[in-house]
Structure formats: structure tokens, C-alpha cells
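One letter stands for each residue in the lines below.
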Amino acid sequence: MKLSVLSSPALVSGLMVVCLHSVWFPILVFRNTSGLILLLGLDFSAMIFPVVYIGAIAVSFLFVVMMFHIQITEIHEEVLHYLPESGIIGLIFWWEIFFILDIEIIPLISTQRNTTSLRYMVYAGKVRSWTNLETLGNLLYTYYFFWFLVSSLFLLVAMIGAIVLTMHRTTKVKRQDVFRRNTIYSRRIIMKRTPDPLTIYLRYRRLIGLNPIREMAVIFSRSWPLNLFKGFKHL
Amino acid sequence: MDSIKYFTFSMIIFISGIRGILLNRRNILIMSMSIESMLLAVNSNFLVFSVSSDDMMGQSFALLVPTVAAAESAIGLAIFVITFRVRGTIAVESINSIQGSGPFSLGERIRFELS
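Every value quoted in this text rests on a predicted model; they were computed, and no experiment measured them.

J.: For this particular structure, what's the right way to read the overall build of chain B?
T.: When its secondary structure is counted, chain B shows 4 helices and 0 strands. Helices and strands in chain B line up, N terminus first, as α-α-α-α. A buried classification covers 48% of the 115 residues belonging to chain B. Across chain B, every contact between residues at least 6 apart in sequence was considered, and the portion connecting residues at least 24 apart equals 53%. Accessible surface for chain B amounts to roughly 5,600 Å². Of this, 66% is attributable to carbon and sulfur atoms.

Below is the structure:
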């Protein structure tokens, strides 16, 4: 009963992902799958699933949907177009899986071999029971540490890739636009008449006085320090 | 018998993810979400069989699969953001009309069609 309570919303939401009226349906799929894994007795994986899938992936989708005002509901013109061929292929896959599980589904087309089927052994209580986290750590940090380190590198590369791809030209990155600077001050630069540090400082002091609030206002205004070179009065 | 029910569940989610990719060529956001759903189904499958055959390798791998899923969805969404910014639409049916600098770029295609 527990299984069906959790799995049927997950299945329904899974089918609704195709329509995607909202991002809510994938979130429900992730949540119910996490619940099913909890029923298997895997507590750590069931807690990691919401963190990774909902907290990272679904939230990213939510950001994209929110910021781009995407019309998600589409007009379905071709829903049944692929159904005959894909239905047959899906049924063939479905039938082939029973080779692995060694259970007969269609009596005339037999999938059973003369081997024993899989058994589900309960070792808890026979030995000191480890938690799920301990068993994962026993493998992942000792024998398979390489996977662990490589997956961290993989995430680093993905992060750098995402940042590099979406960096806008107009984002406020502290770069000096040399060409803009040259067009504004071309005469001074060509004639090499930039003022020395002493006159810059004297102009700065005359501009601000000794008032720290006005100093902050000048520094955070957009025209600083260009107004020092031209001798602007404070706006 | 329980194992079959879990497996059936993940199989249906996987097939619905494939169906989502096939049917939603015009909307790359739904395609991305269907790919995530496929990865989730495969991951849950790994966990179910790891419990059923009492082996830890399934769970170790099922810890790495969400890593790949998150990284791939981040990059996919970044590419989607750029594409949307440039083209203003999310239809990817005609996405191969974007000219690249690959082996079959414009000059060679013209030469190929003329010959």
C-alpha cells in the first residue's frame, strides 16, 4: 500500500512532465521517487535526491522560466504521430527486461531460463548493521576516491562553463575600456599632458574638502576618477 | 515481486522521458526536463537493483549520476539562455541552421551542392 501511495503520484507526475504546465510536475516526480527510495531503506540517497534534483536542477529551471517569461504550454499537434512505432519499440523493451528478471509475462514467448531468480536478502540483524552513509563512505573514499575527485572536477568545469557562456558584455566587470578612454582623452594622451600625482591630489582635496560623506559620494559616483582629470566641479 | 514493481515504475518514468523528448522538439525547456526525468529513472533503477542484488556498486554509481545530471542541466540551461537571447524563440527544430565552423560549413556545402 505504501508503495502505491507514493508511486502513483510519481507516475502521474512523470507522465505530466511531457505537458509541463508548470515546473511543479518534475518537482513532484523527484519528491515521490525520493520517497520510494526511502522505502527501499536507502536513507542517504533518499535525502540527497531532493537536495540535488529539486534544490539545484528544478530551481535552475524555475529561474529560467521566471526570467524569460516562457510560454510553456504548447499546442499538441503531433501527440499521436509517433505512437505506433514507438509503442511497438516500447513493448519490445518491456518484454526484454523480463529476460533479466527471469519471470514469464507472455506465456507463448518464454523469457525464463533454467536459473534461479533474484532473491532479496535481509542482512540487517545478522551482522552489525551499517548505515547507508557508512557503506557509501567505505567505498567512495577508499577504493574509489578517484571517482569522487573526478566528479568534483567535473562540477568545477560545469560551473566555469556556465559562467563563461552567460557572461554579458554589459555586466559590471572591472575592466578598463582602453578604446573608450583613448577617444575621450585622446588629445591629452597624444600630447602627453596628463597631470602629475600632486595636482591630482590637490584637485581631489579641493573637490571634497575634509567631509567624509562627500568623499564617499564622489568615490561612488560614476564619473570618478575621470572628473579629476578634467577638473570638474562636483555635480 | 517487489523488485518488479520498483523496476516497472522506473521504466515508465524513463519511457515518459523519452516520449517528452520526442514530442517536444519545439520547446527545449521541456526536453531538458525530460532528460532529467530519464536520468532520475535510471538512477532509481540503479538503487533498486543495488538493494535487490546486495551490491554497493550500484549505490556508488547512483551517487555520481546526479552529479552529471546537475552539471549537464546547468550547461544546457546556459546554452538555452544564450540561444533565447540571440534568437528570441525556444524552438529547436531548425537549430542546425546556425552556421558553425565545422567540417561542413557554408563554403563546402555550396561546393558539395554544386558538384
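Now, onward.
J.: Explain the overall build of chain A to me, please; I cannot follow it from the model alone.
T.: On a plain count of helices and strands, chain A comes out with 11 helices and 0 strands. Mapped from its N terminus to its C terminus, chain A presents α and β elements in the order α-α-α-α-α-α-α-α-α-α-α. When each of the 235 residues of chain A is scored for burial, the buried share is 25%. Excluding contacts between residues fewer than 6 apart, the proportion of contacts in chain A whose partners are at least 24 apart in sequence is 37%. Taken as a whole, chain A presents about 17,300 Å² of accessible surface, with 68% of it coming from carbon and sulfur.

J.: Before we go on, may I ask you to explain the interface of chain B and chain A in this structure?
T.: Many descriptions give the size of an interface as the accessible area lost when the pieces come together. Between chain B and chain A, the contact holds 60 residues from the first and 66 residues from the second. Summed over both sides, the interface of chain B with chain A buries roughly 5,900 Å², with 81% coming from carbon and sulfur. On the surface where chain B and chain A come into contact, there are 0 residue pairs in polar contact (both at pLDDT 80 or more). Those elements giving two or more residues to the side of chain B that touches chain A turn out to be helix H1 (2-23), helix H2 (28-52) and helix H3 (57-87) of chain B. With 23 residues, H3 of chain B is the single largest residue contributor to the side of chain B that touches chain A. Split into classes, the residues belonging to the side of chain B that touches chain A amount to 38 nonpolar, 15 polar and 7 charged.

J.: Just to check I follow, could you spell out the nonpolar core for this structure?
T.: One broad rule of soluble globular proteins: the nonpolar side chains tend to lie buried together. Ranked by internal contacts, the top residues of the largest apolar core, which has 37 residues, are Phe-30, Tyr-53, Phe-61 and Val-64 of chain A together with Leu-29 of chain B. Those elements that provide at least two residues to this core are helix H2 (24-39) and helix H3 (43-68) of chain A together with H1, H2 and H3 of chain B. For this core, the element with the most residues is H3 of chain A, which contributes 11 residues. Aside from chain neighbours lying at most four places away, what touches Phe-30 of chain A is Tyr-53, Ile-54 and Ala-58 of chain A together with Met-33, Glu-36 and Leu-40 of chain B.

J.: So what exactly am I meant to see when it comes to the packing of H3 of chain A against H3 of chain B here?
T.: What describes two packed helices is the angle between their axes and the distance between those same axes. Across the interface, H3 of chain A lies against H3 of chain B with an axial gap of 10 Å and an inter-helix angle of 0 degrees. Considering the angle they form, H3 of chain A stands roughly parallel to H3 of chain B. Taken together, the residues of H3 of chain B that come into contact with H3 of chain A (itself represented by Phe-44, Ile-48, Val-52, Tyr-53, Ile-57, Ser-60, Phe-61, Val-64 and Phe-68 of chain A) are Leu-63, Val-65, Pro-66, Ala-69, Ala-70, Ser-73, Leu-77, Phe-80, Val-81 and Phe-84 of chain B. Of the residues in the contact of H3 of chain A with H3 of chain B, the class split is 17 nonpolar, 2 polar and no charged.

J.: Explanation requested: unusual backbone geometry in the structure shown.
T.: Phi is positive for Asp-54 of chain B, which is not a glycine, with a value near 60 degrees. Along the chain, Asp-54 of chain B falls in the loop between H2 and H3.

J.: Even after reading the chapter, I still don't get the confidence of the model for chain B, so can you show me in this structure?
T.: Should the pLDDT be low somewhere, the predicted coordinates at that spot are not to be read in detail. All names here are of chain B. Mean pLDDT over chain B: 81, with 76% of residues reaching 70 or higher. Here helix H4 (residues 106-114) stands out as the least confident element of chain B, with mean pLDDT 56; H2 is the most confident, with 92. Here the prediction assigns the complex a pTM of 0.62, and the interface score ipTM is 0.81.

J.: I keep staring at the packing of aromatic side chains and nothing clicks. Help me out?
T.: The relation between two aromatic rings is expressed through the spacing of the ring centres and the mutual angle of the planes. One pass over the structure, following the stated rule, counts 7 aromatic pairs over all chains. Among the aromatic residues, those joined into a ring-pair cluster are Phe-30, Phe-49 and Tyr-53 of chain A.

J.: Would you take a moment to explain the packing of H2 of chain A against H3 of chain A for this structure?
T.: All names here are of chain A. Between H2 and H3, whose axes approach to 8 Å, the crossing angle comes to 170 degrees. Classified by the angle their axes make, H2 and H3 are roughly antiparallel. Only Asp-43, Ser-45, Ala-46, Met-47, Phe-49, Pro-50, Tyr-53, Ile-54 and Ala-58 of H3 make contact with H2, whose side of the interface consists of Ile-27, Phe-30, Arg-31, Thr-33, Ser-34, Ile-37 and Leu-38. Class assignment for the residues of the contact of H2 with H3 results in 11 nonpolar, 3 polar and 2 charged.

Cut-offs used in this document
Residues numbered from 1 in each chain as written. Chains lettered and ligands numbered in written order. Predicted model: local features only at pLDDT ≥ 70, side-chain atom pairs only at ≥ 80, totals over all residues. Heavy atoms only, no water. Helix = DSSP H or I, 4+ residues; strand = E, 2+ residues; numbered from the N terminus. Buried < 20%, exposed > 50% of the residue type's maximum accessible area, 1.4 Å probe, protein only. Contact = heavy atoms within 4.5 Å. Areas by Shrake-Rupley, 256 points an atom, 1.4 Å probe, with all protein chains shown as cover. Buried area = accessible area lost by both parts, 1.4 Å probe. Polar contact = N/O pair within 3.5 Å; in protein donor to acceptor, adjacent residues only side chain to side chain. Nonpolar A, V, L, I, M, F, W, Y, C, P; charged D, E, K, R; others polar. Core = buried A, V, L, I, M, F, W, Y, C linked by side-chain atoms within 4.5 Å. Axes fitted to C-alpha atoms, helices over the stretch in contact; angles between N-to-C directions. Parallel < 35°, antiparallel > 145°, perpendicular 65-115°, else oblique. pLDDT = per-residue confidence, 0-100. Phe/Tyr/Trp six-rings, centres within 6.5 Å; stacked < 30°, edge-to-face > 60°.

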